[in-house]
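Descriptive analysis of the structure
So you can see what is in the structure, the chains are spelled out below.
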Amino acid sequence: MFNDMALTICFSLFCALLVSLTLIPLLASRFLHVEGRARLGILRKLSILIDSGLQHLSVGYTSLLNGCLNRRKTTLGIALAVFFGSLALIPSLGTDFFPHMDQGSFEIQLERAPGTSLTSTEETFKHIENIIHDTIPELKNQNSQIGVGEAFGAFEKGSYAGTIRVNLTEREERKRGQMEIESALRKELDQIPGLTYSITQGGTFGEEGDLILYLFGDDLDTSKALSARIKQDLKEIPGAFDITTSLEEGMPEIQIIPDRDRISDLGLNISQVANAVSTYIKGTRATIFRDQGEEYGILVQLDPKYRENTDVLQKLFVTTQGGNQIPLSSIAEFRRGLSPTSILRRDQQRVVNISVTVSGRNLGEVTRDVEAKLKGVTLPPGYSYEIGGSAQDMITSFKWLVVAFIGAAFIVYMVMASLFESFIAPFIIFLTIPLAIVGVIGLLFITGTTLSVVAFIGIIMLAGIVVNNSIVLVDYINQLREGGFALREAVMVGGRTRLRPILMTALTTILALFPLSLGLGSGAEAWAPMARSVIGGLMASTLLTLLVIPVIYTYLAPKRLKGLKNRVDSEPSS
């Protein structure tokens, strides 16, 4: 789903490179005049103010860099302590598959007891619609659907179930977010007895729920009891709502148990008995009536008032091949029971789905709590479970994103190694990437942003962004050394000279992503974590590039550059 974004960035960077190598030099040669200053008073004062600020910044940075070079081990120790300290914050961040978004709409899936009449269900829906009007002043409109519909609605459960689609006003017009509205509505719906409901974002096909527990087992009674126990245990987990199971209370039915020996003695077979019962209850197409070219099927069936009466069913007759009428009650036993509304299979095994909606906590924390609860459940022989839904998608995505991050870092390193014709210089630059993680974790922690797939995409982007400033710095230091500068002198001059372009490149990217990081507007919550990851990484990497990378360079700098031997100035062994 991120292919379009990756292609857009790659193509934009390629065009920017082409323009910077062709058009920009041409325009600079025509219009850039270093000696000229802005003639307008305000612009002139602003230019002087910026230059003065940068000069003071350069003086302060030079003094700070000199102190870091004098205390190299202390500087590296502080950098490592900050790095490992930031890693300790990762469990506090929490993890999510995707950020929760305010879409301005949601669906309420409602169920009464199986077998509830359509009239009774309709009354319940009217009551819930009134609750929605009273609880949600931000309501724009709502749409209810009850029972079996057509097309995709044909897969609904029946007269006892339905959905209510709730559309809210625009986010700018509301004081409450969608999550707050859903929480307030849950409190009201919890007070309705005999009602099972779940609130989902809707708009997608397939299984609902942030976390789905697949319980595998063949015996329906055991699965029903086990799923009910697990459901009660999961209700104790904070942040777990709308817990539903696919193995619901069965539909009421009348079971006709045939006496095979008796049927055989009378010269009948099971098929004849089944066809007779089917004719009485379901009906049989006996013939076709034709009138003026039109055909009408004639259906033979008992009147509805008789089909619903058990006593009448027992008095029905089955005709033998000899024409004798045999009462159904003499060859079959009648029982009242419950039939499962659905029997699901997964990987060719019978399964019960327990769906959980997560709200108020991140998905990673709730998943860990669910796994802890399941460890305390003793499963019968032949039973097992598996966690799926968004929780499983999150784990799988994180694994592949880690692989993508390692691959991106490796490609960046190999490209730099080929350009620098060295393995040492790119390694120095490459250290900027793990140091940038300090800023990512720090800013996500400060803003209360969970580590999601979108935030991880920002980390992968950092692998190609944060190395730019280090390349500018290390390449210029190498040039100074090739010109005969001593190692320490080259580091000092290179850092002071490259301070302005490093700050400019970092600030332009940070300021460009700042509006996106605020998460303003509809759907902006989806991309805010990526912007925050990049901004945090750039802020930390810029500081570390200016202070830590020069220190690392003094340790790992190549001894020879193009045949010129460089000397290392005497330094304190701090």
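Quick summary incoming for the structure in this document. These numbers were taken from a predicted model, which means no experiment stands behind them. (Residues numbered from 1 in each chain as written. Predicted model: local features only at pLDDT ≥ 70, side-chain atom pairs only at ≥ 80, totals over all residues. Heavy atoms only, no water.)

1. Quick notes on the overall build of the protein
Helix and strand counts for the protein come out as 20 helices and 17 strands. Counting over 574 residues, the protein shows a buried share of 40%. Long-range pairs, those at least 24 residues apart, make up 77% of the contacts in the protein between residues at least 6 apart in sequence. For the protein, the accessible surface area stands at approximately 32,500 Å², while carbon and sulfur atoms represent 59% of it. (Helix = DSSP H or I, 4+ residues; strand = E, 2+ residues; numbered from the N terminus. Buried < 20%, exposed > 50% of the residue type's maximum accessible area, 1.4 Å probe, protein only. Contact = heavy atoms within 4.5 Å. Areas by Shrake-Rupley, 256 points an atom, 1.4 Å probe, with all protein chains shown as cover.)

2. Structural notes on the sheet that holds strand β2 (residues 139-146)
Pairing is antiparallel across the open sheet formed by four strands, whose spatial order is β2-β3-β1-β4. Taken across any chain shown, the strands that pair with only one partner, and hence form the sheet edges, are β2 and β4 (196-200). Taking each pair of neighbouring strands and ignoring which way they run, the sheet shows an average axis angle of 15°. Inspection of the sheet shows strand β1 (residues 105-111) paired to β4 by five bridges, in the antiparallel sense. The partner of glutamate 107 across the bridge, within β4, is threonine 200. Set on the sheet, helix α5 (residues 118-135) makes contact with β1, β2 and β3 (161-168); between it and β2 the angle comes to about 170°. Along the sheet face, helix α6 (residues 178-189) touches β1, β3 and β4 and points at about 20° away from the line of β1. (Pairing = 2+ DSSP bridges. Axes fitted to C-alpha atoms, helices over the stretch in contact; angles between N-to-C directions.)

3. Re the packing of helix α3 (residues 72-87) against helix α20 (residues 528-556)
Orientation of α3 relative to α20, taken along the N-to-C sense of each, is 125°, at an axis distance of 10 Å. Between α3 and α20, the angle falls in the class oblique. Between α3 and α20 the crossing geometry is left-handed. Along its contact with α3, which presents Arg72, Lys73, Thr75, Leu76 and Ala79, the element α20 presents Val548, Val551, Ile552, Thr554 and Tyr555. Among the residues forming the contact of α3 with α20, the class breakdown is six nonpolar, two polar and two charged. (Parallel < 35°, antiparallel > 145°, perpendicular 65-115°, else oblique. Left-handed = near helix turned anticlockwise from the far one by under 90°. Nonpolar A, V, L, I, M, F, W, Y, C, P; charged D, E, K, R; others polar.)

4. Focus: the side chain of serine 359
The residue serine 359 is located in the loop between β14 (349-358) and α12 (363-375) in this model. Among all residues touching serine 359, those that are not within four sequence positions of it are Ser183, Arg186, Gly239 and Phe241.

5. Quick notes on helix α18 (residues 487-497)
Counted residue by residue, α18 has eight buried out of 11 residues, so it is predominantly covered. Turning to α18, its buried residues number three or more, namely Leu487, Arg488, Ala490, Val491, Met492, Val493, Gly494 and Gly495.

6. Considering the environment of leucine 266
Structurally, leucine 266 is set in the loop between α8 (260-265) and α9 (270-281). Taking C-alpha positions, leucine 266 is 9.4 Å from glutamine 321, a pair spaced 55 residues apart along the chain.

7. Some thoughts on the packing of aromatic side chains
Counted under the stated rule, the structure contains five aromatic pairs. Taken together, a centroid distance of 5.3 Å and an interplanar angle of 70° make the contact between phenylalanine 83 and phenylalanine 84 edge-to-face. Sitting over the face of the ring of tyrosine 555, arginine 72 holds its NZ or CZ atom 4.0 Å from the ring centroid. We note arginine 498 situated over the ring of tyrosine 476; from NZ or CZ to the ring centre the distance is 4.2 Å. (Phe/Tyr/Trp six-rings, centres within 6.5 Å; stacked < 30°, edge-to-face > 60°. Lys NZ or Arg CZ within 6 Å of the ring centre and 35° of its normal.)

8. Quick notes on the pattern of salt bridges
Any two side chains of opposite charge can pair, given that their charged atoms come close. In the structure shown here, the tally under the stated rule is nine salt bridges. Of the charged contacts in the structure, one is a salt bridge between arginine 290 and glutamate 295, with a shortest N-O distance of 3.3 Å. A cluster of three or more residues bridged by salt bridges with shared partners is formed by Arg361, Glu365 and Asp369. (Salt bridge = Lys/Arg side-chain N within 4 Å of Asp/Glu carboxyl O.)

9. So, unusual backbone geometry
One non-glycine residue with positive phi stands out, namely aspartate 242, at about 50°. Structurally, aspartate 242 can be placed in strand β6 (residues 240-245).

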